[in-house]
Structures are given as C-alpha cells and as structure tokens.
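Take a look at the letters that make up each chain.
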Amino acid sequence: MLYLRWMNLPLDHGSTLQPATTSRTTATAKTPTAATDSTPTPASPPAKATVRMAGKTVVEVESKTVINFTSGFSHKLLCDGLTFTAGSACVYSCAFCYVEDLMRKNPHRLPNPEDHQSMVIRRRNAVEVAKRQLTFRDGSPRFPDPNDRRVIYASPLVDVAANLELARETVEICREILTRTAWQIRLLSKSSLLRRIADELGDFRDRVIYGVSTGTLDDRLGASFEKGTALVSKRIQSLRRLQDDGFRTYAMVCPSLPLADDAAYQAFAEQAAEELRTDQCEHVWAEVLNVRGQSMVRTCDALRQGGYAEHAERLERVSTDREAWEAYARSTFEAHARCHEGTPGKLRFLQYVGRGTRPYWDAQIARGAVLL
Ligand code: SF4
C-alpha cells in the first residue's frame, strides 16, 4: 500500500534526482558484503545485482544489522550512539565522500575498492532486519522505556532519500523505530525528498529532525563535486518548506572549501545562515573538507573539470601545508561562531585536532567547537 502510494507521487519536486530504473543486469557481486557498520553474515551466498539506480549497479547483501547501537557518530553529537543504514554504498557520487575510503579498511570490503563508487549496496530486507533488532523473539519491544528519548542518526554510509524507492525504505525503517521505541530520529540528505518522508511520518513530527547538508550555496559549484544530488537551491528550498510547516530541522554546512580571505569566510557563513534559516534550526553543524584517502585528489579533479581551477588550487595549497590548513579551519570556524554568537549551543563545528592545535580548539568549545 505504502509502496504504491510512493510510486504514484509525481516527480515534480524540482529535484534533479533520477528515479531507479528497473533494467536487469547480469553482473554478480564478488563479495557478500562491504559493510562498515554492520555484522555481515559469513555464509551468505554471492549477492546478485538486479537493478540499476542512477546508472550504478545495485547489489543486495545479506546483513544481520541495520541498526548500530554503538556508533562513533555520538562524538559528532549527531546521535546518542545509535545509527541506522539500509545500505553501504550510496546512489550519489560526491567527490569528497569518505565512505569508499572507510571501506578500504574493512575486512569485508569489495575486492576492488574502486568498485564502491560504481555500485549501490543495499542490505537485503532492511526493514525486516531493523524490526528484528528492535524486538525480542516473542515480538515484544526490546526498548519499551517511554523515557528513552535517545537520538538515532541515519545514515552514516548512504543518503537516506536518494530516490523515491530508498526514501520509501527509510520511511518504513523509521516507522519500525518510532512504533517500537520512544527514540528520536535524525535524518540527513542531499536530496529534496525529505519533505516526502516528513509527510509520511507526519504523525511523529515531534520525534524526527530533518537536515540537509551542503558546503556551498552555489548550484554550479556544488554540482561540480557532488554527482547525482539535488541542486543545492532545491535542497535549501525543501528545508525551508519543512520549517514553514513546523517540522524540526537542523543544518549541516559542510564540507566547505577554503576561501580567499576572512571577509569571504564571513560572507559565506552569513549567507549560509540566512539561506538555511539557521535561526529556525535546532542546531547547525559545520566542518571543513577533511582529507581521507583519495577524497582530496578526487575533489580537486572534480573542481577542475567543473571549471573551478582556482578553488582546486586553493584546496591543494591548504592540503599540503599544515599551517595553511589550520588557518582554513580557524577562519571557517570563526566566521560561523560569529554568526551564532547570540545562540549558545546551536553551532557544532566538527574539528579534528592534534597536540599542537588542541589548545586553540579547547578554548573554542564554549563557542561551538566539537573536538574529534
Ligand atoms: S551523499 Fe553522503 S554518502 Fe552519498 S556519496 Fe555523498 S557524501 Fe557519500
């Protein structure tokens, strides 16, 4: 019923999303799973690729988990140690995405990690798996405490609403969580479909917090290093619609690029606050573009190919000079902190620190720095 309802929704949301096709392929995955955030089933048969999404081969893998009860994402204050994910490889292809690099360290990675960005990896029967994780064998809920208001975050590995089918799956998993626990759910997306999820979950509006992420306010610049995502302006529009209709929202201003000077950082932070209407958001996360594996190289290449050679050069310069990198992080933080001075606790600026830089960042915790 729910499925039909979703599929009947018109694709008129101003999104650049490509709905999943149903064309059959003959490809077969070479490994049972590539999940970082799950317990794979050791004896699972080779997974079969059956459909394509946004040009990528879709692979289903067996996994015993969709919910992770001990996630490291609590350090980022995005959740209370709970996350869920219905997939391990995203429909989208952001140049800066670190998931592929995470997978390289995972014992259950794909034989060729380069395959990660060319595949969509879904966990088979994800809704059913989530339900099993939330209930005892007799069907009673494992987490019945009405005062257990912990926040669960999705997703640490994929976009939760990259197309209608995946958004529908997210709704169903959310429903399992919302009806079997008293938890709150934080959803993050680079699509403009969150509003549709919100409509489906309207009866739980006080328990779901919706956020979109972007590190730029420029549609063309965003499209140069994020492939397949909704235009930045459409994402922001969808966030504003959620705000207009009284849904809980948050903003994620990341990963933002190095800029020419402090005036440019300040202008960007102010414009981001205005566009995302952060005064209406519960929290604002922000972060610079952190180097992981090949993500820096991929991002610089994508910027150049998109006609942003100057941006690529600036990024390369800071990535090879520790002091310049630190200056980039501090300028970004200072600009956001000034914007949110009047609302203590709203800004959550994620920052990796070393021994040498810790004293400065320790002193910024009260202004919103979250040290990783
Ligand atoms: S939306 Fe997130 S998970 Fe998907 S490719 Fe982009 S950064 Fe990676």
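The structure presented is a predicted model; accordingly, all values stated were derived computationally and were not measured.

**Some words on the site of the ligand**
Around the ligand lies a shell formed by Cys90, Tyr92, Ser93, Cys94, Cys97, Val99, Val158, Asp159 and Lys190. Counted by class, the shell around the ligand contains six nonpolar, one polar and two charged residues.

**Side note on the packing of helix H8 (residues 262-275) against helix H11 (residues 322-339)**
With their axes 8 Å apart at the nearest point, H8 and H11 run at an angle of 45 degrees to one another. In terms of orientation, H8 lies oblique with respect to H11. Viewed along their axes, H8 and H11 form a crossing whose handedness is right-handed. For the pair H8 and H11, contact is made by Asp262, Tyr265, Gln266, Phe268, Ala269, Glu270 and Ala273 and by Ser331, Thr332, Ala335, His336, Arg338 and Cys339, respectively. Partitioning the contact of H8 with H11 into residue classes produces six nonpolar, four polar and three charged.

**Overview of the nonpolar core**
One finds Leu187, Leu194 and Ile197 to be the most contacted residues of the largest nonpolar core, which totals 96 residues. With seven residues, the single largest contributor to this core is helix H4 (residues 164-180). In contact with Leu194, other than residues within four places in its own chain, are Ala161, Leu187, Ser189, Tyr210, Val212, Ser238 and Leu242.

**Considerations on the confidence of the model for the protein**
Scored by pLDDT, the protein comes out at a mean of 87, with 84% of its residues at no less than 70. Across residues 1-43, confidence stays below pLDDT 50; counting only partners more than four residues off in sequence or on other chains, it has 104 contacts.

**Let's talk about the sheet that holds strand E12 (residues 248-256)**
Taken together, nine strands build an open sheet; the order of strands is E3-E4-E8-E9-E10-E12-E13-E14-E15 and the sheet is mixed. Whereas interior strands pair on both sides, the edge strands pair on one side only; in this sheet they are strand E3 (67-68) and strand E15 (369-371). When strand E9 (residues 184-189) meets strand E10 (residues 208-213), the two strands line up parallel, connected through five bridges. Paired with Leu188 across the bridge in E10 is Gly211.

**A look at the environment of Phe204**
Structurally, Phe204 can be placed in the loop between helix H5 (194-200) and E10. For Phe204, a count of 16 C-beta atoms within 10 Å gives the class partly exposed.

**Some words on the environment of Arg277**
With respect to the helices and strands, Arg277 occurs in the loop between H8 and strand E13 (284-288). Exposure remark for Arg277: the 15 C-beta atoms within 10 Å place this residue in the partly exposed category. Residues Arg277 and Gln243, 34 residues apart in the sequence, show an inter-C-alpha distance of 8.7 Å. Once residues within four sequence positions are removed from consideration, Arg277 is found in contact with Arg240 and Gln243.

What counts, and at which threshold
- Residues numbered from 1 in each chain as written.
- Predicted model: local features only at pLDDT ≥ 70, side-chain atom pairs only at ≥ 80, totals over all residues.
- Near = placed C-beta within 6 Å.
- Nonpolar A, V, L, I, M, F, W, Y, C, P; charged D, E, K, R; others polar.
- Axes fitted to C-alpha atoms, helices over the stretch in contact; angles between N-to-C directions.
- Helix = DSSP H or I, 4+ residues; strand = E, 2+ residues; numbered from the N terminus.
- Parallel < 35°, antiparallel > 145°, perpendicular 65-115°, else oblique.
- Left-handed = near helix turned anticlockwise from the far one by under 90°.
- Contact = placed C-beta atoms within 7 Å.
- Core = buried A, V, L, I, M, F, W, Y, C linked by C-beta atoms within 7 Å.
- Buried ≥ 20, exposed ≤ 12 C-beta atoms within 10 Å, placed from the backbone.
- pLDDT = per-residue confidence, 0-100.
- Pairing = 2+ DSSP bridges.

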